[in-house]
Amino acid sequence: MLAVQPVVLLSDLLIFALVAALILFFVQLARDPLARGRWRSVFVSRIGSAAFLVILFYVLMALLDSLHYREPLPAIATSGSVAEPASETMTEPVVHYSQEVKSVLDAVLAGLHGQDETTYSEPFSIYSFARENQTSDDGNVVRAFPRLAHAGSHLQEGDSVAADVWQRSLKSVLTGVAIMAALVILHWQWRLRCTAQGCGLKSDDMGAVLPWKTIYITLGVLVVGACWVLELGQYYHILGTDKVGQDVLYQGLKAIRTGVLIGTLATLLTLPLAILLGISAGYFRGWVDDLVQYVYTTLSSIPGILLIAASVLLIDVYIETHPEQFQLTTERADFKFLALCFILGMTSWTGLCRLLRAETLKVSQLDYVQAARAFGVRHGRIIGRHILPNVTHLILIALVLDFSGFVLAEAVLSYIGVGVDPSMASWGNMINEARAELSREPVVWWSVAAAFVLMFILVLAANLFADKVRDAFDPRSAG
Amino acid sequence: MSLLTVRDLTIELPALVNARQAQRQPMVNGISFSIDAGEILALVGESGSGKSLTALAILRLLPDTLSITGGVIELAGDNLFERTERQMNAVRGYRAAMIFQEPQSALNPVQTLLQQIGEVLVLHKGLTGAALKTAVINLLEEVGIPDPRQRLSWYPHQLSGGQKQRVMIAMALACEPELLVADEPTTALDVTIQKQILDLLNQIRRARKLGVLLITHDMGVVSEMADRVAVMRHGEILEYRPGDEFFVSPQHEYSRQLIHSLPRRDFRQPLTTPEPLLTVEGLKVWFPQRHGVLQRVVGHTRAVDGVSFQIHKGETLALVGESGSGKSTVGRAILALEPLYAGCITFDGQRIDQLSQAEFRAYRKRIQVIFQDPFSSMNPRMTIREILAEGMISLGLADDHQQREAKLQTLLLRVGMAVEHLDRYPHEFSGGQRQRIAIARAIAVEPDLIICDEPTSALDVSIRGQVLALLQELQQEMGLSYLFITHDLSIIPHLAHRVAVMSQGVLVEQGECASVMNQPQDSYTQALLAAAPVICTGL
Amino acid sequence: MLAYIIRRLLYAVPILVGVNVLTFALFFVVNSPDQMALVQLGDKHIDPQAVEQWKVQRGYDKPLFINDRDDSQGLLTDTIFFDKSMRLFVLDFGKSDEGRAIGDDIQQRMWPSLAVALPTFIVGLTVNIAFALFVVMFRASLFDTAAMVACVVLMSISGVFYVFAGQYFFAKTWNLVPISGYLAGIDAVRFLILPVIIGVISGIGGGTRLYRTLFLEEANKDYVRTARAKGVPELTVLFRHILPNGLIPILTSVVVVIPSLFMGSLLTESFFGIPGLGSYTLDAIQAQDFAIVRSMVFLGSVLYIIGLILTDISYTLVDPRVRLS
């Protein structure tokens, strides 16, 4: 019998399919010498490598957060007394599972999760942010800041919070550095052995040019940061708590999955339409071209955000009228989330389609396509062998550029109330909730700040990476 | 004292630009030469020899990625490298001017002729108003632009290629410089226009005692223009001598190779028993011009307007014409890549112009094509094996894998490449090698007729001869027929059995090679032949 | 030229019909007129007659796209779609589901929209071009690299953050301007400063970077080398040769949004509580007022198509090489 019941959400399936597809894509790319050379120039640059590692870290978090399960509830011993005796054939106790869907990330972050306070508290504070009526020892009722239930509960009255934080920080940072040092030494050894044995031309091909120092440093920062969070998260709310007392850092980290998924899924959903229609229009011309142009002019003439907002509200209506399809809150949120990705994808394929059409028009005039036609090669094959591989750079550039756009869009959409489900952790929702508290005195800044910083790091890494990819793949990009 | 003296000029690609290249790469390696007033020095070399960099270095216009690391350039005794950038601006356009290869892109597209030419005069002579206008009009007149007064407010795109180059020259001459640097000034132009521009340059340098540095790769141009010749290769000057001496007794092996790379003018004899393979009658390719609200067809651009000719088995027909004459469109029409407006094409006794795409497939393996640009004629993402096999697979030849592999190897060896090249990609090869692969691709399906669309015009002269020789060998072995589309008259005599001359969509003259080239009947053919530069080797 | 414009206008008709079909289809896929009536009337008194009455009053009692009850004549015309969308073509927007005249609302609310959008557009464009030119002046230097890094950083910050920071510092901490709201007349200026500044700042990163690329592309062209060979000083080359050529793609690419400025910005207006068309639309979406959404989508499309035509015309004005045909 399984200890836990795995739950597979639709978006989980998609993200793993996506990772598999990406790996396949890279394997495929390794065959193409031109593409390989270009990718190399992306990773040789320090910024490219560092940005890629950061993105990878985010993706890893998203993947961990996509392995969902439900924990079994403790068996209720007395259950048999009321309703169960009828089913005597059942010898095994029926296991009931919690309504709460957890993920592997929750398990990793167990120290942060499930230590809820009652309301706001500042980062590293061991007192609540709001005064409460308290009965003091002598029986008087005073309004004071109560101690938090979890944060700093190990501290005695009078212990210095700062000293404790410093001490634990030092310990965790040292752990992180030690782990990193071990990794670096192992890798160094492995590389030495590799060069000594001359194993695989490919590995030294790439290994010799990668900026290892930057990679080590980036990785080191990530590892040390993770250690620090895991260690201190057990004792404090590193980024405080929100209105209902939830750990802000935990929420922010949970929102990574939403951000990463919305970026990738929405981007990938734009691809099939854009590629199919763009290339057909450019290659076949004539009425196909007219039709495709008509479709994308029509779509792009509708103000994009209007279309998105209207569609999202329609999804809401659909969910309201079909409650029977969504048993768990998580499932409902997941459906809405996928719908949002779909809508974002459907409303933003026109740009890439236009680019692909123009490029295909150009490529299909090139001599090698003409030569293929002179050999009587069929249309499908010409598109597959000659056109598509030679417009891939555009697709790739659009892919990485759109990603950050969608991550940012999620925040804005949630802000105007047409984003992901409020029950889903997302940066947009965090900002949206904090919006009402802006006028509060003193200001509750940590929730917003956490969302912005986590979002900023991802978007910045994606933008820098996109920049490098574009420099490497776009023949036009200057300087 | 010489007008321009270049001593030990060295131009390098700094090491820091590319971390993987630890050493500095010399692009130009310690060259020296000088030019006197009124003299033309031709700096000759093939692509990548460093000749254009030398030209740019004189005016200190090199791109930022390159740096001058040694040497001295003196203009009338005045060291140009010691000048500040500001002082240098007083030299550029005033004492030394430059014209470039592509008049198309070298002129500012959004400025009128008056603005562009006037800018130099305002800058260096402070002319304004009416005086400026008169000066510009006189300049345009001098370089032979008709109606200069009206054309002052014209934009570059309203001029033809030759006229644009004239405007460039006018701009260069505006302040009566002592030195003119001309970087391949006629390469982008048709041969008749080239002749006019060269004549103009010659006339001006005599009238003004102008020293000219003429950068070119065309030995014909060198022979007609140069007082002195410097041959450049890999950033070094191999030979530096007076022009007449150079052509009579070249010293360096490479110079000899350059001179003799020009095909001799002995004519190929026509076939004794001609047997028709391809007959084209009254071929018209018209493109509709649409106009008005409803986009009705109001007229046609007549790219090809009634062309008739015949190619016999084992014969080469050269189709000669300048850019825009419609000669490439004829080739594309025969390949059914362009719809016909009217006319009839017969191949081996069968009409092929009315066949559907599917029916035409049978003829695809019999009619093949080789394109001009070896860099765009092969998909950069396919290996040579895939490129060569594509046609064979598509047309259902050599379905058996081993048979095909064997054939691919034979093909590559036949065109002078090696078997291990099969798994490489096009970008790993030079232009000449790529053109060999393109030839192998065409003969892979064993065609009867190959349409060669300017197959050698993108190649350096020394490579050109080899590729032409290969084509002729293959013709002998396989009994191929060629429709050889070209603008280059110099390669025709040795190559073609017969010649057809095309101008503005129609054939003005056709006939046996010797008769057309020696006694041209049509005035256009005569002009074309007269314009082609020839080498007087004195032999 | 005239023929060209007429042809483009004719081409706009099928596009606008397509836009209407799309909005209708989208809206009625999950929503039926009955549900609309229920939402509008409030769920409490579910009286079939009231629903029916509501539908008749607002013209929702007909079939959506195809009227198969009617033989021949009214097959396509006697439908909700035909009724509602045909009127739009003569800019008769009709009444909102609440009963207000949409046309009046639009006329009233487009001025605040324009008051925010136009200054943001003009100031933003000027600032971006100026910055880009400045960066190009120092191209391939450390300053260039630093500026580009700064641009990427600015681009990576969420627009919502700029709004937050702006409102917090300018309005709350320093009390320079009101946090949000709007007053007509000259008082508007006080309310407009912040949205305009935020709008400009949030666009600087992307704009400067894009324009720099366009200018650099021009800077690498042959005619720039020709100008240098003429002895033109570097600064003059930049302003007299690179700038006019680089401006062509910039100007022509922004022309398309000019008509849409009337629509205002959905986001800015809702953040700053400006009663323009943007917030009007957003409110309508949230209230599921289909009549307003439909009108705004249609208006947006019309303005976009006008923008496209203006783009083509602007090409002929700024680029001597382009002729319309």
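These remarks concern the structure in this document. It should be emphasised that the depicted structure is a prediction, and the values quoted were computed from it without experimental measurement. (Residues numbered from 1 in each chain as written. Chains lettered and ligands numbered in written order. Predicted model: local features only at pLDDT ≥ 70, side-chain atom pairs only at ≥ 80, totals over all residues. Heavy atoms only, no water.)

The interface is formed by 22 residues belonging to chain C together with 29 residues belonging to chain B. Across the chain C/chain B interface, buried area totals approximately 2,300 Å², and carbon plus sulfur atoms make up 61% of it. The interface formed by chain C and chain B holds two salt bridges in total. We note a salt bridge from Arg240(C) to Glu119(B), for which the minimum N-O separation is 2.8 Å. At the junction of chain C with chain B, the criterion picks out twelve residue pairs in polar contact (both at pLDDT 80 or more). Of all the secondary structure elements, the ones that give two or more residues to the side of chain C that touches chain B are helix H1 (2-30), helix H9 (222-229) and helix H10 (234-255) of chain C. It is H9(C) that contributes the most residues to the side of chain C that touches chain B, six residues altogether. Class assignment for the residues of the side of chain C that touches chain B results in ten nonpolar, four polar and eight charged. (Contact = heavy atoms within 4.5 Å. Buried area = accessible area lost by both parts, 1.4 Å probe. Salt bridge = Lys/Arg side-chain N within 4 Å of Asp/Glu carboxyl O. Polar contact = N/O pair within 3.5 Å; in protein donor to acceptor, adjacent residues only side chain to side chain. Helix = DSSP H or I, 4+ residues; strand = E, 2+ residues; numbered from the N terminus. Nonpolar A, V, L, I, M, F, W, Y, C, P; charged D, E, K, R; others polar.)

A separate point is the sheet that holds strand E1 (residues 4-13) of chain B. All names here are of chain B. Spatial strand order, E2-E1-E4-E5: four strands in an open sheet with antiparallel pairing. At either end of the open sheet lies a strand with only one pairing partner, and these are strand E2 (25-35) and strand E5 (78-79). Pairing analysis gives seven bridges linking E1 to strand E4 (residues 67-75), with the strands arranged antiparallel. Paired with Leu4 across the two strands is Leu75, which belongs to E4. (Pairing = 2+ DSSP bridges.)

Opposite charge on two side chains makes pairing possible when the charged atoms of those side chains draw close. One pass over the full model with this rule turns up 49 salt bridges over all chains. The closest approach of N and O atoms between Arg357(A) and Asp289(A), which form a salt bridge, is 2.6 Å. With Arg357(A) in helix H12 (residues 350-363) and Asp289(A) in helix H9 (residues 286-301), this pair connects stretches of sequence that are 68 residues apart. Between Lys362(A) and Glu359(A) there is a salt bridge; the shortest N-O distance is 3.5 Å. You can see Lys362(A) and its partner Glu359(A) sitting in helix H12, three residues apart, about one turn around the helix. The class of Lys362(A) is exposed, set by a relative accessible area of 55%. A single salt-bridge network, built from bridges that share partners, covers Glu275(B), Lys313(B), Asp348(B), Arg366(B) and Asp448(B). (Buried < 20%, exposed > 50% of the residue type's maximum accessible area, 1.4 Å probe, protein only.)

So, on to the side chain of Asp312(C). All names here are of chain C. With respect to the helices and strands, the residue Asp312 is situated in helix H13 (residues 290-318). Assessed through its relative accessible area of 17%, Asp312 is described here as buried. Within the local environment of Asp312, its side chain forms a polar contact with the side chain of Tyr4, the two groups lying 2.4 Å apart.

What follows concerns a nonpolar patch on the surface. Residues and elements named next belong to chain C. On the surface, a cluster of nonpolar side chains totalling about 560 Å² of accessible area is made up of Phe134, Met137, Phe138, Phe143, Leu235 and Phe239. Broken down by secondary-structure element, the contributors of at least two residues to the nonpolar patch are helix H5 (102-137) and H10. Residue placement: Phe143 occurs in helix H6 (residues 142-156). Given the relative accessible area of 40%, Phe143 is considered partly exposed. (Patch = residues over 30% accessible without salt bridge, like charges linked within 9 Å, V, L, I, M, F, W, Y side chains within 5 Å. Areas by Shrake-Rupley, 256 points an atom, 1.4 Å probe, with all protein chains shown as cover.)

Moving on, we come to the interface of chain A and chain C. At the junction of the two partners, chain A supplies 47 residues and chain C supplies 44 residues. Summed over both partners, the interface of chain A with chain C comes to about 4,000 Å²; 74% of that surface belongs to carbon and sulfur atoms. The interface formed by chain A and chain C holds one salt bridge in total. Across the contact surface, chain A and chain C share four residue pairs in polar contact (both at pLDDT 80 or more). For the side of chain A that touches chain C, the element with the highest residue contribution is helix H10 (residues 304-321) of chain A, accounting for eleven residues. Split into classes, the residues belonging to the side of chain A that touches chain C amount to 29 nonpolar, ten polar and eight charged.

On to the pairing of strand E11 (residues 276-291) of chain B, then. All names here are of chain B. Pairing geometry for E11 and strand E12 (residues 296-312), over 13 bridges, is antiparallel. When the sheet's bridge partners are listed, Gln289 is paired in E12 with Gly299. Connecting the antiparallel pair E11 and E12 is a turn made up of four residues, with Gly292 showing a positive phi of about 80°. When E11 meets strand E14 (residues 342-347), the two strands line up antiparallel, connected through five bridges. Residue pairing in the sheet places Glu281 in a bridge with Cys344 of E14.

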